[in-house]
Amino acid sequence: MVEKKKTAKPSGRKTASPKPRGKPSAKASAKGSRSAAAAKAPAAAAPVRQAKADSPEPREPRRATGFGIHSLRPASGATHYRKRVGRGPGSGHGKTAGRGNKGQKSRSGYRHQRGFEGGQMPLHRRVPKRGFTNIFRVEYDIVNISALERFDAGAKVTPELLVETQLARKSRPVKILGDGQIGKPLAVSAHKFSASAQAKIEAAGGRCEVIPR
């Protein structure tokens, strides 16, 4: 049989390293004095490099990476989710789906005419009526002869010219009324003239031409 060799176990105690005896050498004392002087002396300023006279080349502008067509969306609060009715009691619109209890309005296919009030006399039949409205009436753009003073003497005033000067609209016929005075001869073309307007225009040396509608 092979005998096991016994090895000495290291003890838990640490032994202090022996301090060197005697005075320190001259070299070591010189190094220590130099390091102490360097620590006390203020740090020397770093050499300043001379700036280049030439200006740097312009850089390309940065592109916004987080903005684009993919990031467009409606403003906050502008859109809403569709109301989903009849999806159980937890949704708040279950069972009757917001239609109330029984009655004509709760059935499918319900619709009513404008002014219907459930069978009672509607408002448009309860109130009294007076007069009538002619549905075939023609709406004219009114131009007084006082507004024609802005044109030069001898000018030909047409509805197109009145539209350009914003005295009339393109979608309506023009009627000339006799409010004001006119002191220059004008050739006025319009769809209708009042008697006083025609008399004043002709008295100033102008003429009136009626355009058929």
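What you are looking at is a predicted structure, and each value in this text was computed from that prediction instead of being measured.

1. Points about a nonpolar patch on the surface
Right, so step 1: A contiguous nonpolar patch, built from Phe-67, Ile-69 and Leu-72 and spanning about 410 Å² of accessible area, is present on the exposed surface.
Right, so step 2: Tracing the sequence through the fold places Phe-67 in the loop between helix 1 (26-40) and helix 2 (123-126).

2. A closer look at the pattern of salt bridges
One side chain can pair with another of opposite charge once the charged atoms of both are near each other.
Right, so step 1: What the rule picks out here adds up to five salt bridges.
Right, so step 2: The closest approach of N and O atoms between Glu-117 and Arg-126, which form a salt bridge, is 3.2 Å.
Right, so step 3: Here Glu-117 falls in the partly exposed class, since its relative accessible area comes to 30%.
Right, so step 4: Put simply, Asp-141 and Arg-172 hold a salt bridge, and the shortest N to O gap is 3.9 Å. You can see Asp-141 sitting in strand 1 (residues 141-144) and its partner Arg-172 sitting in the loop between helix 3 (159-164) and strand 3 (174-177), a full 31 residues away along the chain.

3. Examining the environment of Lys-170
Right, so step 1: Within the secondary structure, Lys-170 sits in the loop between helix 3 and strand 3.
Right, so step 2: Using a relative accessible area of 78% as the deciding quantity, one classes Lys-170 as exposed.
Right, so step 3: In this structure the C-alpha to C-alpha distance between Lys-170 and Pro-159, which are eleven residues apart in sequence, comes to 8.0 Å.

4. Quick word on the sheet that holds strand 1
Right, so step 1: Taken together, the three strands give an open sheet; going across it, the order is 1-3-5, and neighbouring strands pair in parallel fashion. Whereas interior strands pair on both sides, the edge strands pair on one side only; in this sheet they are strand 1 and strand 5 (192-193).
Right, so step 2: Two elements, strand 3 and strand 5, share two bridges in a ladder whose sense is parallel. Pairing of Lys-175 across the sheet is with Lys-192, part of strand 5.

5. Notes on unusual backbone geometry
Right, so step 1: The phi torsion at Ala-97 lies on the positive side, around 55 degrees, for a residue other than glycine.
Right, so step 2: Not every positive phi belongs to a glycine, and Lys-102 is a case in point at roughly 55 degrees.
Right, so step 3: When you line up the elements, Lys-102 lands in the loop between helix 1 and helix 2.

6. A closer look at the confidence of the model for the protein
Right, so step 1: When pLDDT is averaged across the protein, the result is 83; 71% of the residues are at 70 or more.
Right, so step 2: When the elements of the protein are averaged for pLDDT, helix 1 gives the smallest value, 55, and strand 3 the largest, 97.

7. Brief notes about the side chain of Ser-106
Right, so step 1: For Ser-106, the location among the structural elements is in the loop between helix 1 and helix 2.
Right, so step 2: In this structure Ser-106 comes out as buried when scored by relative accessible area, which is 19%.
Right, so step 3: Separated by 2.8 Å, the side chain of Ser-106 and the backbone oxygen of Gly-103 make a polar contact.

8. What about the nonpolar core?
Right, so step 1: In terms of nonpolar packing, the biggest core is built from 17 residues, with Leu-148, Leu-162, Ile-176 and Val-188 touching the most fellow members.
Right, so step 2: Every element with two or more residues in this core is listed here: strand 3, strand 4 (187-190) and helix 4 (195-203).

9. Concerning the environment of Ala-197
Right, so step 1: For Ala-197, the location among the structural elements is in helix 4.
Right, so step 2: When its relative accessible area of 0% is taken as the criterion, Ala-197 is described as buried.
Right, so step 3: The spacing of Ala-197 and Ile-176 is 21 residues in sequence and 6.5 Å in space, taken between C-alpha atoms.
Right, so step 4: Sequence-distant contacts of Ala-197, defined by excluding residues within four places in its chain, comprise Ile-145, Ile-176, Leu-177 and Gly-178.

Calculation notes
- Residues numbered from 1 in each chain as written.
- Predicted model: local features only at pLDDT ≥ 70, side-chain atom pairs only at ≥ 80, totals over all residues.
- Heavy atoms only, no water.
- Patch = residues over 30% accessible without salt bridge, like charges linked within 9 Å, V, L, I, M, F, W, Y side chains within 5 Å.
- Areas by Shrake-Rupley, 256 points an atom, 1.4 Å probe, with all protein chains shown as cover.
- Salt bridge = Lys/Arg side-chain N within 4 Å of Asp/Glu carboxyl O.
- Helix = DSSP H or I, 4+ residues; strand = E, 2+ residues; numbered from the N terminus.
- Buried < 20%, exposed > 50% of the residue type's maximum accessible area, 1.4 Å probe, protein only.
- Pairing = 2+ DSSP bridges.
- pLDDT = per-residue confidence, 0-100.
- Polar contact = N/O pair within 3.5 Å; in protein donor to acceptor, adjacent residues only side chain to side chain.
- Core = buried A, V, L, I, M, F, W, Y, C linked by side-chain atoms within 4.5 Å.
- Contact = heavy atoms within 4.5 Å.

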